[in-house]
Amino acid sequence: MSPWCPRRQLAVSCGVISEDLGNVAPRLDEVRHRIASAAARAGRGPEEVRLIAVSKGKPAEAIRAAYAAGQRDFGENYAQELVEKAEALADLDGLVWHAIGQLQRNKAKLVARVAHVVQSVDREELAVELDRRAAALNRTLDVLIEVNVGGEASKGGCASGDFAPLLAAIARCAHLRPIGLMTIAPFLEDPNDVAPFFAQLRALRDAHGGRAVLPELSMGMSHDFEAAIAEGATWIRVGTAIFGARG
Ligand SMILES: *Cc1c(COP(=O)(O)O)cnc(C)c1O
């Protein structure tokens, strides 16, 4: 049915069917194919790239649709939204929640309770607070250090030069396990132009113990994940290409 079929539109607007929900499984399939192709072009196996479905702003039902299609890793930006969805979806086994948004220190308690991975640790005071909260809950959190490779004022992440002291600070946190680096590259029309920023994140990792110490590189989003895979991404964070545009 074409998207503007009046009968379908009526059903969508009445909530009988949801345009986006029905599209989740086929879109996920398409993204998986694109991942496999990009990995193959880079001489890598598809299993070397883990897809994190970014569900911010989308209903819990959209996550259920992705889950039914085999997706297990989900990323959320806002602490409160993450907690609400984790509670609404507590019946789903094996969900892995990634906190990926800029995080205020006073939200560390919420995040430490439900997230399995915090990808956006970008300063010592946040690491220390997450560690304190994780300790109180008797859990250990996997964390990535977010690096602002483009140096953009609008984005979170530490400066490349602050990476080493932050990694050292996290190493002193008994309840945090640093497993890699994350970045949000600048938006550039041609995603191939973003490659140098991804390469910069990889170089930073390689200068601090390499893959053996920090195995994960979380880089690449809907617009640029193929370029990120070419540069060694092990995790990609994809929202729009799976769940549709955010309102
Ligand atoms: C929203 C978001 C994404 C996903 O972006 P899309 O362009 O929708 O794929 C990935 N990472 C972070 C940190 C985000 O905030």
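Computed from a predicted model, the values in this text were never measured in an experiment. (Residues numbered from 1 in each chain as written. Predicted model: local features only at pLDDT ≥ 70, side-chain atom pairs only at ≥ 80, totals over all residues. Heavy atoms only, no water.)

Just to check I follow, could you spell out the UniProt feature "modified residue: N6-(pyridoxal phosphate)lysine" (unreviewed entry) in the protein chain for this structure?
As recorded in UniProt, the sites labelled "modified residue: N6-(pyridoxal phosphate)lysine" (unreviewed entry) are K56. Within the fold, K56 resides in the loop between β1 (50-54) and α3 (60-68). On the accessibility criterion, K56 (18% relative accessible area) is buried. In contact with K56, other than residues within four places in its own chain, are G75, E76, N77, E81, K85 and R246. (UniProt positions renumbered as here; feature names shortened; annotations may be inferred. Helix = DSSP H or I, 4+ residues; strand = E, 2+ residues; numbered from the N terminus. Buried < 20%, exposed > 50% of the residue type's maximum accessible area, 1.4 Å probe, protein only. Contact = heavy atoms within 4.5 Å.)

I'm lost on the pairing of strand β6 (residues 176-182) in this one. Help?
Here β6 lies mainly inside the structure; five of its seven residues are buried. Two strands pair when backbone bridges link them, and strand β5 (residues 141-146) and β6 are joined in this way by six bridges, in the parallel orientation. Bridge pairing in β6 places D142 opposite R177. Once the chain exits β5 it traverses helix α7 (residues 163-171) before rejoining the sheet at β6, and the crossover so formed is right-handed. Two elements, β6 and strand β7 (residues 216-218), share three bridges in a ladder whose sense is parallel. Within the sheet, the bridge partner assigned to G180 lies in β7 and is E216. (Pairing = 2+ DSSP bridges. Right-handed = clockwise from strand over helix to strand, strands pointing away.)

Teacher, can you tell me more about α3 here?
An α-helix turns once every 3.6 residues. As a result, residues three or four positions apart point the same way. Among all positions in α3, only A60, A62, I63, A66 and Y67 are buried. For α3, the buried positions fall inside an angular range of 155° around the axis, keeping them on one side. Positive backbone phi, at 100°, marks G70, one or two positions downstream of α3. (Arc of directions from axis to C-beta.)

Can you help me understand the nonpolar core in this one?
Across soluble globular proteins, you tend to see nonpolar side chains buried next to one another. Counting 66 residues, the largest nonpolar core has V111, V118, L130, V147, I236 and I242 as the members making the most contacts within it. For this core, the element with the most residues is helix α2 (residues 19-41), which contributes six residues. By size, the runner-up hydrophobic cluster in this structure holds six residues, among which are I52, V117, I179 and M182. (Core = buried A, V, L, I, M, F, W, Y, C linked by side-chain atoms within 4.5 Å.)

Would you mind going over the site of the ligand with me for this structure?
The environment of the ligand is formed by V54, K56, N77, I100, I184, M221, S222, R237, V238, G239, T240 and R246. Protein contacts shield 90% of the accessible area of the ligand, which totals 380 Å² for the unbound molecule. Split by residue class, the shell around the ligand holds five nonpolar, four polar and three charged. (Near = heavy atom within 4 Å. Areas by Shrake-Rupley, 256 points an atom, 1.4 Å probe, with all protein chains shown as cover. Nonpolar A, V, L, I, M, F, W, Y, C, P; charged D, E, K, R; others polar.)

Sorry if this is basic, but what is going on with the environment of L217 here?
Position of L217 relative to the elements: it lies in strand β7. When sequence neighbours within four positions are dropped, the list of residues in contact with L217 reads L181, L201, R202, R205, G232, A233, T234 and W235.

When you look at unusual backbone geometry in this model, what are you seeing that I'm missing?
If a residue is not glycine, its phi is most likely negative; likewise, a peptide bond is most likely trans. A positive phi angle is found at N138, which is not glycine, with a value near 60°. With respect to the helices and strands, the residue N138 is situated in the loop between α6 (124-136) and β5. Residue class for N138 comes out exposed when judged on its relative accessible area of 69%.

I tried to follow the pattern of salt bridges on my own but got confused; where do I start?
Charged atoms that come close allow side chains of opposite charge to pair. What the rule picks out here adds up to 18 salt bridges. Of the charged contacts, one joins D91 and R64 as a salt bridge, the two residues approaching to 3.0 Å between their closest N and O atoms. A residue pair is termed long-range when its members are at least 10 positions apart, and D91 in the loop between α4 (79-88) and β3 (96-99) and R64 in helix α3 qualify at 27 residues. For D91, a relative accessible area of 52% corresponds to the exposed category. When its relative accessible area of 30% is taken as the criterion, R64 is described as partly exposed. In this structure, R202 and E231 form a salt bridge, with 3.0 Å as the shortest nitrogen-oxygen distance. Taken as a pair, R202 in helix α8 (residues 195-206) and E231 in the loop between α10 (225-230) and β8 (235-238) lie far apart in primary sequence, 29 residues in all. (Salt bridge = Lys/Arg side-chain N within 4 Å of Asp/Glu carboxyl O.)

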